[in-house]
Amino acid sequence: MAIYPSSPCPRIGASEFTKKYNVVKTNFEANYLQVRKATTRARMMFTLDYSDITKNEFNTLKTFFDNNIGTIFNYVHTEDGLTYQVTFGQDSISMKPKSLYTCDTQIILEGR
């Protein structure tokens, strides 16, 4: 199983960790609303912000993205050091040029 690149490192504090619960809402004729969880566990989501990385570092991320889109791979969280099995939560990767040599990008990972 592939391992997500540890370099470049996302901005400190910019690695956002959330849990996403899917819910099912059912409306009834008497204007009642029933809400319940659609799944038994939450899905973890990681939002990784990269700023002022070199274009070579971006190409490292893009190459990993191109080679592993649609597959499960390991991600070692930069703050807690735990390893998570994840997939990409997006179907494309883009960059925002900051200067001639640096750029910003964001990557979303979904836990399995």
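Refer to the structure presented above.
Predicted, not measured: the structure shown is a model, and the values here were computed from it.

**Q** Would you take a moment to explain the overall build of the protein for this structure?
**A** Of the regular secondary structure elements, the protein holds one helix and eight strands. In terms of overall size, the protein is more extended than a compact globule, its C-alpha atoms giving a radius of gyration of 18 Å where 112 residues would be expected to give roughly 13 Å. C-alpha atoms of the protein, sized along the principal axes, occupy 60 × 30 × 25 Å. Counting every position in the protein, which comprises 112 residues, the buried fraction comes to 34%. Across the protein, every contact between residues at least 6 apart in sequence was considered, and the portion connecting residues at least 24 apart equals 63%. For the protein, the exposed surface amounts to about 7400 Å²; the carbon and sulfur share of it is 50%.

Each value, and the rule that gives it
- Residues numbered from 1 in each chain as written.
- Predicted model: local features only at pLDDT ≥ 70, side-chain atom pairs only at ≥ 80, totals over all residues.
- Heavy atoms only, no water.
- Helix = DSSP H or I, 4+ residues; strand = E, 2+ residues; numbered from the N terminus.
- Rg over C-alpha atoms; globule rule 2.2 N^0.38 Å.
- Buried < 20%, exposed > 50% of the residue type's maximum accessible area, 1.4 Å probe, protein only.
- Contact = heavy atoms within 4.5 Å.
- Areas by Shrake-Rupley, 256 points an atom, 1.4 Å probe, with all protein chains shown as cover.

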